[in-house]
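Residue-level structure breakdown
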Amino acid sequence: DVKVTQSSRYLVKRTGEKVFLECVQDMDHENMFWYRQDPGLGLRLIYFSYDVKMKEKGDIPEGYSVSREKKERFSLILESASTNQTSMYLCASIQADTQYFGPGTRLTVL
Amino acid sequence: QKEVEQDPGPLSVPEGAIVSLNCTYSNSAFQYFMWYRQYSRKGPELLMYTYSSGNKEDGRFTAQVDKSSKYISLFIRDSQPSDSATYLCAMSVAGTSYGKLTFGQGTILTVHP
């Protein structure tokens, strides 16, 4: 019954490292999203994609980029990780009222 | 001021109680309204999805939208310990992807036996 998977549950990286977070969905959805979740701030949209090779900035794209080479896979890239990017990262695959979030990746940047 | 305001709680109720969770919003363009449940160390799970104003019922859950007041509610009847989780409201404008959502902070709910 796998719907959305994320490559890691927990990740620890050092400041300045390049970090890749992978998300895969098996529902053939066109729309995929990356959110981060922080206490007191809720979920905030980083980037989203409506189709292969398409991407659009969300509300907080600074310091992030994304890649969508295949329909089922949407990657979030931290070009040079910083401590303020320590957070829970959630990927979502959404088509109308069919919505699934992945289990999240807890990233700690030291 | 945030576009979507949600009291973070925490809210603690006895088993069997009726729970009322609420969100207010400021953007009158919001047309789609959602409630998610998130268990500890899990991703959010869609509970209720409504369009525009009105009520929607699904089992023990009822979602209400009052666009004139910019206020949405989620009611949980006969609450169970398994309902203990964080509840997130979210909304989006019409014409955009349903996933481009604006979330409230989330309300932490504990239902004790």
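Please refer to the structure placed before this passage.
Everything in this summary refers to the structure shown in the same document. All values reported here derive from a predicted model rather than from experimental measurement.

A word on the interface of chain A and chain B
On the side of chain B, 19 residues touch chain A, which itself brings 21 residues to the contact. Each partner contributes to the roughly 1600 Å² buried at the junction of chain A and chain B, and carbon and sulfur atoms together form 56% of this total. Of all residues in chain A, L43, Q99 and F101 of chain A give up the largest surface area on contact with chain B, accounting jointly for 29% of the area buried on that side. At the junction of chain A and chain B, the tally comes to 0 salt bridges.

Let's talk about the environment of V4 of chain B
Residues and elements named next belong to chain B. Its location among the elements puts V4 in strand β1 (residues 4–6). Judged by its relative accessible area of 3%, V4 is buried. Once the C-alpha coordinates of V4 and N27 are considered, the two residues, 23 residues apart in sequence, prove to be 8.3 Å apart.

Quick notes on the environment of D26 of chain A
Of note, D26 of chain A is situated in the loop between β3 (19–25) and β4 (31–38). Taking C-alpha positions, D26 of chain A is 21 Å from I77 of chain A, a pair spaced 51 residues apart along the chain.

Observations concerning the nonpolar core
Core analysis: the largest hydrophobic core is formed by 23 residues, its most contacted members being W35, I72, L74, Y87 and M91 of chain B. Counting residues per element, the ones that place at least two in this core are β3 (19–25), β4 (30–38), β5 (45–51), β7 (61–66), β8 (71–76), β9 (85–93) and β11 (107–112) of chain B. With residues up to four places along the chain from it excluded, the contact list for I72 of chain B reads L21, N22, C23, Y25, F33, W35, Q64, V65, C89 and M91 of chain B. By size, the runner-up hydrophobic cluster in this structure holds 21 residues, among which are V4, W34, L78 and L107 of chain A.

The rules behind the values
Residues numbered from 1 in each chain as written. Chains lettered and ligands numbered in written order. Predicted model: local features only at pLDDT ≥ 70, side-chain atom pairs only at ≥ 80, totals over all residues. Heavy atoms only, no water. Contact = heavy atoms within 4.5 Å. Buried area = accessible area lost by both parts, 1.4 Å probe. Salt bridge = Lys/Arg side-chain N within 4 Å of Asp/Glu carboxyl O. Helix = DSSP H or I, 4+ residues; strand = E, 2+ residues; numbered from the N terminus. Buried < 20%, exposed > 50% of the residue type's maximum accessible area, 1.4 Å probe, protein only. Core = buried A, V, L, I, M, F, W, Y, C linked by side-chain atoms within 4.5 Å.

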